[in-house]
2 protein chains.
Amino acid sequence: MRPVSWNSVLPMQTDRSAAPPTCRDLFGRFAADVLPADLPERTRWRLCELAQPVGAAAGNALSGECADSRLVHVATGAARLVAHVSQGRDQVLSFHFAGDVVLVPARAAHGYTLCALGACEGLAFKADPLFELVRADAALAHALLLRTRRALARSREKTIALGRMTAQERLASFLVGMAERIGVPGAGGCMLDLPMSRRDIADSLGLTIETISRQLGELRAAGLLATSGRSVVRLIDMPALEARAGHLAAPC
Amino acid sequence: MRPVSWNSVLPMQTDRSAAPPTCRDLFGRFAADVLPADLPERTRWRLCELAQPVGAAAGNALSGECADSRLVHVATGAARLVAHVSQGRDQVLSFHFAGDVVLVPARAAHGYTLCALGACEGLAFKADPLFELVRADAALAHALLLRTRRALARSREKTIALGRMTAQERLASFLVGMAERIGVPGAGGCMLDLPMSRRDIADSLGLTIETISRQLGELRAAGLLATSGRSVVRLIDMPALEARAGHLAAPC
DNA sequence: CGCAAATTTGACCAACCTCAACAAAGGTGG
DNA sequence: CCACCTTTGTTGAGGTTGGTCAAATTTGCG
């Protein structure tokens, strides 16, 4: 039972050199993930000009607090979008994995940072010129609109969790959500290798690390899941977890 | 689902006032608020075909729990988007006023309802055919993307409030936000005429009506605001309110 | 003016936070 | 490969914020 190490796979190795991936590599991934197939060459070129490769090691900012808002495509690794409320009070707004696109707001009523969980790299675009470009291409606009709608839906789910759920419901809801995104179904339950720490989970669910730990313990005691090491969780009874997550039963 | 013609009249119950707005009126408002000026006539026509007038009196559903998600343009009045967690546990996701556009999700892990606060009317579009249309028009897509980005930003602010703020900070933050949207600046402070009840505010901030009442009392005692009747609030000291809302000071 | 609904207030309670000590994990260097 | 050590996570005791229940009060409509 040796947990798979995230970091062993991640170190950025393009091909021959030890150099970080070229903008070209990253742009290829970005294009494959989000750009429509029939995007005009001219627009593609403009996008490539706007793209800035970003990368960071565990815990560091991919795209720090910034005067203008940005859109970041995560190519490898995982990241968290954090809002800084005040000294020692952070709120994780969302987690992101390879293939995701994140809108990182400019500093406003609060500061925002996109932080790497483990090594992470991607492409950043300044929002203003990007959305100016988008204005001219319906397919691109449609693609970004779809992503933004999905982000909105996730954000609303989080609002529901933080506003009206108990600690246990929030954690169950978090685990079910992660299972959908990065879970590996297998015999005896869905395997999760969580790239984020207890603190990240706590800051995401509006709780403390102690509460996360205790609630995990309760779910373990109830036989709904098993843990192994820091990051591996096996979800044994998904239906029961979904029930505790306060999910509606099948529509009437 | 009934086809709608240019001349059809709003299917609303009573109209003591002379002229209830026709679908034409509503579409005109919608077009003025969100459609780009140079939208092709053909697209405009298709949109008009998709539009369904909706309206409700205080407390009633404008667009109830539904099998498919919808986009609603609020023409007059105000509304709240509510998620139903379980019997007696509701979470208000957002408030909307005349001119706003709301994405009402289909029933999924939770049920969603768009409810009128006071009399409210608008136009609803089924999301799927609408976003199919959007695919062909960059300007329209751009307009909706902008609205969706704004909704995402608001949703994130709410996440921050619910996750990491105290009751008083949440209320201050709510009041500051409402002041920006529907406040009327005047001598001696910004006047707010809140269309929502204490319960709505509580369900929006993840608190109870009692806590809202108590915190309002504290802010009143601190001289930051004055209340008059159920719905009128005068924000006397905005800077102090913003400070209590946990807003960052001016950028460094 | 009368009344039902909304709001305010008070007393008490519990979920979750805080603080502190302890245990496990997993990386490092011998 | 193992001992060490730092970081991360777990567990326990006690405090606080905000929830719950109940009653008094206000509001604004008819």
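The structure presented is a predicted model; accordingly, all values stated were derived computationally and were not measured. (Residues numbered from 1 in each chain as written. Chains lettered and ligands numbered in written order. Predicted model: local features only at pLDDT ≥ 70, side-chain atom pairs only at ≥ 80, totals over all residues. Heavy atoms only, no water.)

### Focus on the domain arrangement of chain A
Residue and element names in this part refer to chain A.
No. 1: Here chain A is described as being made up of domain 1 (19-162) and domain 2 (165-244).
No. 2: Its C-alpha centre places domain 1 at a distance of 26 Å from the equivalent point of domain 2.
No. 3: Between domain 1 and domain 2, the contact holds 15 residues from the first and 14 residues from the second.
No. 4: Between domain 1 and domain 2, a total of about 1300 Å² is buried, with carbon and sulfur atoms accounting for 57% of that surface.
No. 5: It is Phe95, Phe97 and Ala161 that lose the most area in domain 1 upon contact with domain 2, and together they represent 43% of the buried surface on that side.
No. 6: Here arginine 181 ties to aspartate 100 by a salt bridge, and the two come within 2.8 Å at their closest N and O atoms.
No. 7: At the boundary of domain 1 with domain 2, the tally comes to 10 residue pairs in polar contact (both at pLDDT 80 or more).
No. 8: For the side of domain 1 that touches domain 2, the secondary structure elements donating two or more residues are strand E3 (70-86), strand E4 (89-97) and helix H5 (138-164).
No. 9: Considering every element that reaches the side of domain 1 that touches domain 2, the biggest residue donor is E4, with six residues.
No. 10: The residue inventory of the side of domain 1 that touches domain 2, partitioned by class, reads eight nonpolar, two polar and five charged. (Domains from an automatic or database assignment. Contact = heavy atoms within 4.5 Å. Buried area = accessible area lost by both parts, 1.4 Å probe. Salt bridge = Lys/Arg side-chain N within 4 Å of Asp/Glu carboxyl O. Polar contact = N/O pair within 3.5 Å; in protein donor to acceptor, adjacent residues only side chain to side chain. Helix = DSSP H or I, 4+ residues; strand = E, 2+ residues; numbered from the N terminus. Nonpolar A, V, L, I, M, F, W, Y, C, P; charged D, E, K, R; others polar.)

### A word on the side chain of Asp137(B)
No. 1: Relative to the helices and strands, Asp137(B) is located in the loop between helix H3 (127-134) and helix H4 (138-164).
No. 2: Although buried, Asp137(B) forms no salt bridge, and the nearest oppositely charged side chain, Arg135(A), lies 9.6 Å from it.
No. 3: Polar contacts involving the side chain of Asp137(B) include one to the main-chain amide nitrogen of Ala139(B), which spans 3.2 Å.
No. 4: A polar contact of 2.7 Å, which involves the side chain of Asp137(B), links it to the backbone nitrogen of Leu140(B).
No. 5: For Asp137(B), the contacting residues outside a window of four places in its chain are Ala138(A), Pro36(B), Leu39(B) and Pro40(B). (Buried < 20%, exposed > 50% of the residue type's maximum accessible area, 1.4 Å probe, protein only. Lys, Arg positive; Asp, Glu negative; His and termini not counted.)

### Some points on the interface of chain A and chain B
No. 1: If you look at the interface, chain A gives 56 residues, while chain B gives 56 residues.
No. 2: With both sides pooled, the region where chain A packs onto chain B buries about 4700 Å², and carbon together with sulfur makes up 60% of that total.
No. 3: Put simply, chain A and chain B have four salt bridges between them.
No. 4: We note a salt bridge from Arg164(A) to Asp203(B), for which the minimum N-O separation is 2.9 Å.
No. 5: Among the secondary structure elements, those contributing two or more residues to the side of chain A that touches chain B are E3, E4, strand E5 (101-104), strand E6 (111-126), helix H4 (127-134), H5 and helix H7 (198-205) of chain A.
No. 6: Residue composition of the side of chain A that touches chain B, grouped by class: 30 nonpolar, 14 polar and 12 charged.

### A few points about the packing of aromatic side chains
No. 1: Under the counting rule described, the total for this entry stands at six aromatic pairs over all chains.
No. 2: Ring plane angle 40 degrees and centroid distance 4.7 Å describe the contact between Phe30(A) and Phe125(A), whose orientation is recorded as tilted. Placement of the pair is Phe30(A) in helix H2 (residues 23-34) and Phe125(A) in strand E6, with a sequence separation of 95 residues.
No. 3: When its relative accessible area of 0% is taken as the criterion, Phe125(A) is described as buried.
No. 4: Judged by centre distance (6.1 Å) and plane angle (65 degrees), the rings of Phe95(B) and Phe174(B) are edge-to-face. Of the two residues, Phe95(B) is situated in strand E4 (residues 89-97) and Phe174(B) in helix H5 (residues 167-182); the sequence distance between them amounts to 79 residues. When sorted by exposure, Phe95(B) lands in the same class as Phe174(B), which is buried.
No. 5: An aromatic cluster is present here, built from Phe27(A), Phe30(A) and Phe125(A) joined pairwise through their rings.
No. 6: Here Arg149(A) stacks its cationic end above the ring of Phe131(B), 3.6 Å away from the centre of that ring. (Phe/Tyr/Trp six-rings, centres within 6.5 Å; stacked < 30°, edge-to-face > 60°. Lys NZ or Arg CZ within 6 Å of the ring centre and 35° of its normal.)

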